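# Observations on the model geometry
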Amino acid sequence: MESYSGARRSSRYTRPVASAYCTYFDSGYLSRGLTLIESLRRHGDESPVWILALDEEVAGRIDALDLPGVRLVGISAIEAMFPELPGLKAQRTRMEYYFTMTPLLIQYVMAAAPGSDVAYLDADLCYFADPSLVWSAMGGGSIGIIEHRYQPAFAKRLAKYGTYNVGWVGFRDDARGRACLRWWGERTVEWCSDTPSEGRYADQGYLDWFPRDFEGVTVLPHVGMDAAPWNSARYTWTSADDRVAVDGEPLVFFHAHGVRRVGHWWVTAQLQYRAPMGRVLRDRVYEPYVRGLERWEARIPAPPRTAPRGTGLRGLAFRITKTMLNAVSILTGNAVRAA
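Since we're looking at a predicted model, the values are computed, not measured.

On inspection of all chains with the given rule, the structure shows 19 aromatic pairs. Judged by centre distance (6.1 Å) and plane angle (75 degrees), the ring pair of Trp237 and Phe254 falls under edge-to-face. Here Trp237, found in strand β11 (residues 237-240), pairs with Phe254, found in strand β14 (residues 253-255); they are 17 residues apart in sequence, far enough to count as distant. For Trp237, a relative accessible area of 14% corresponds to the buried category. Residue Phe254 is classed as buried on the basis of its relative accessible area of 1%. Within the aromatic cluster, the residues linked to one another by ring pairs are Phe171, Trp183, Trp184, Tyr206, Trp209, Phe210 and Phe214. Note that Arg212 overlies the ring of Trp209, its terminal NZ or CZ placed 5.2 Å from the centroid.

And the structure:
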């Protein structure tokens, strides 16, 4: 990982743009990241996508694909811009270190592409309508954030993870946007634990401070933006003319959190949030998404197997619970059969 540095851009991409995206993932999420980019392009968004490669496999595969408008960034390039970063490695878990870099990656892109408004995207998002609708929803705002919109049964228990979801966070390249972004970066360098504490949680909890402490913050109100397993049960899902609607609003992008391959099935996280998926969500959202994953996985090697989560009795209990939930998800139609 450390030997890869700098940034590369496709020579085929020349169209000037006013916005850019950034994301990061390792080889385990490679097919998800590629499906995200494919969904942006399918809906007409050719904005540059900057990828922070979290391992050599991602760097090599993305470089070989030579996708138009995609730039690769190495961890060492971010560390060179923010020299306080390397000293944090020994103090934080790998995921905490990655979370620390979320606002720093946005700053890196904004510095590398002056005049570009930049949005961070989680790699497991998928667009189903024109991505520019999200930027338009910011109006004259300089910072855009989106609430989790937890269904009421979970709102109190999940409040410790923050009011807003870090899956999509956008910043205009103006004084208000840069000030908020700089503050966020300072905070994640200061503290970025994966364990909630005093209203903070990793990079995400700090978003609660944005509307309180900064001007120009727009909380995007549209329920079709960042629809997800944790809020899907709140809405009525319909489809017509190849379009999906959420309470009558177009589904712009879905956060496919927790999708996992289990044998001949793709299991969703819907039952974790007591949100059984109906026909529209299964056939018009999850099925196209997992077919996208499968197309990319047919072109790239399977990701490395990860070590089982947890150790001892707690780890065993977690694996048993997950196995049972997978089985119930398949039996109750909260999974999509693999092609």
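Moving on, we get to helix α5 (residues 102-112). Buried residues dominate α5, accounting for nine of its 11 residues. When we look at burial in α5, the residues that qualify are Thr102, Pro103, Leu104, Leu105, Ile106, Gln107, Tyr108, Val109 and Met110.

The next point concerns the packing of helix α1 (residues 30-42) against helix α10 (residues 279-297). At a minimum axis distance of 9 Å, the contact between α1 and α10 shows a crossing angle of 115 degrees. Viewed along their axes, α1 and α10 form a crossing whose handedness is right-handed. Contact residues: Ser31, Arg32, Leu34, Thr35 and Glu38 in α1; Tyr289, Gly292, Leu293, Arg295, Trp296 and Glu297 in α10. Classifying every residue of the contact of α1 with α10 gives four nonpolar, three polar and four charged.

By the definition in use, this model includes 12 salt bridges. Residues Arg61 and Glu57 are paired through a salt bridge, measuring 3.3 Å at the closest nitrogen-oxygen approach. Pair noted here: Arg61 and Glu57 are both in helix α2 (residues 56-65), with a separation of four residues, about one helical turn. By relative accessible area, which is 36% here, Glu57 ends up partly exposed. Between Lys89 and Glu79 there is a salt bridge, and its shortest N-O distance comes to 3.1 Å. Here Lys89 is found in the loop between α3 (75-81) and α4 (94-100), whereas its partner Glu79 is found in helix α3, with 10 residues between them in sequence. A residue is classified by how much of its surface remains accessible, and Lys89, at 33% relative accessible area, is partly exposed. Overall, the relative accessible area of 10% leaves Glu79 in the buried class. Residues joined by salt bridges that share partners form a network here, namely Glu186, Arg187 and Glu190.

The geometry of α5 relative to helix α8 (residues 175-190) is characterised by a closest axis approach of 8 Å and an angle of 140 degrees between their N-to-C directions. The orientation of α5 relative to α8 falls into the category oblique. Handedness of the α5/α8 crossing: left-handed. Within the contact between the two elements, α5 uses Thr102, Pro103, Leu104, Ile106, Gln107 and Met110 and α8 uses Arg178, Leu181, Arg182, Trp184, Gly185, Thr188 and Val189. Here the contact of α5 with α8 is composed, by residue class, of seven nonpolar, four polar and two charged.

For the rest of this paragraph, the subject is the pairing of β11. As paired strands, β11 and strand β12 (residues 243-246) are joined by four bridges and run antiparallel to one another. By the bridge assignment, Ser239 is partnered in β12 with Val244. The turn joining β11 and β12, which pair antiparallel and follow one another in sequence, is formed by two residues; a positive phi near 55 degrees is taken by Asp241.

The next point concerns the layout of surface pockets. Taken as a whole, the second largest pocket encloses approximately 230 Å³ of empty space. The wall of the second largest pocket is formed by 13 residues, among which His43, Phe128, Asp242, Arg243 and Val244 lie closest to the centre. Those elements giving two or more residues to the lining of the second largest pocket turn out to be β12 and α10. Per-element accounting of the lining of the second largest pocket gives the leading share, three residues, to β12. Tallied by class, residues from the lining of the second largest pocket come to eight nonpolar, one polar and four charged.

Next up on the list: the sheet that holds strand β17 (residues 335-337). The strand order across the open sheet formed by three strands is β15-β16-β17, and the pairing between neighbours is antiparallel. Edge positions in the sheet fall to β15 (260-262) and β17, since each of these pairs with one other strand and no more. Averaged over all neighbouring strand pairs, the angle between strand axes comes to 30 degrees, with direction disregarded. Here β15 pairs with strand β16 (residues 265-267) via three bridges, running antiparallel. Within β16, the residue paired with Val262 across the bridge is Trp265. Here α10 sits on the sheet and contacts β15, β16 and β17; the angle it forms with β17, its principal contact strand, is near 55 degrees.

Cut-offs and rules
Residues numbered from 1 in each chain as written. Predicted model: local features only at pLDDT ≥ 70, side-chain atom pairs only at ≥ 80, totals over all residues. Heavy atoms only, no water. Phe/Tyr/Trp six-rings, centres within 6.5 Å; stacked < 30°, edge-to-face > 60°. Helix = DSSP H or I, 4+ residues; strand = E, 2+ residues; numbered from the N terminus. Buried < 20%, exposed > 50% of the residue type's maximum accessible area, 1.4 Å probe, protein only. Lys NZ or Arg CZ within 6 Å of the ring centre and 35° of its normal. Axes fitted to C-alpha atoms, helices over the stretch in contact; angles between N-to-C directions. Left-handed = near helix turned anticlockwise from the far one by under 90°. Contact = heavy atoms within 4.5 Å. Nonpolar A, V, L, I, M, F, W, Y, C, P; charged D, E, K, R; others polar. Salt bridge = Lys/Arg side-chain N within 4 Å of Asp/Glu carboxyl O. Parallel < 35°, antiparallel > 145°, perpendicular 65-115°, else oblique. Pairing = 2+ DSSP bridges. 1 Å grid on protein atoms, 1.4 Å probe; cavity = no way out; pocket = protein on both sides within 12 Å on 5 of 7 lines; lining within 4 Å. Points joined across faces, edges and corners; volume = space filled by probe spheres on them.

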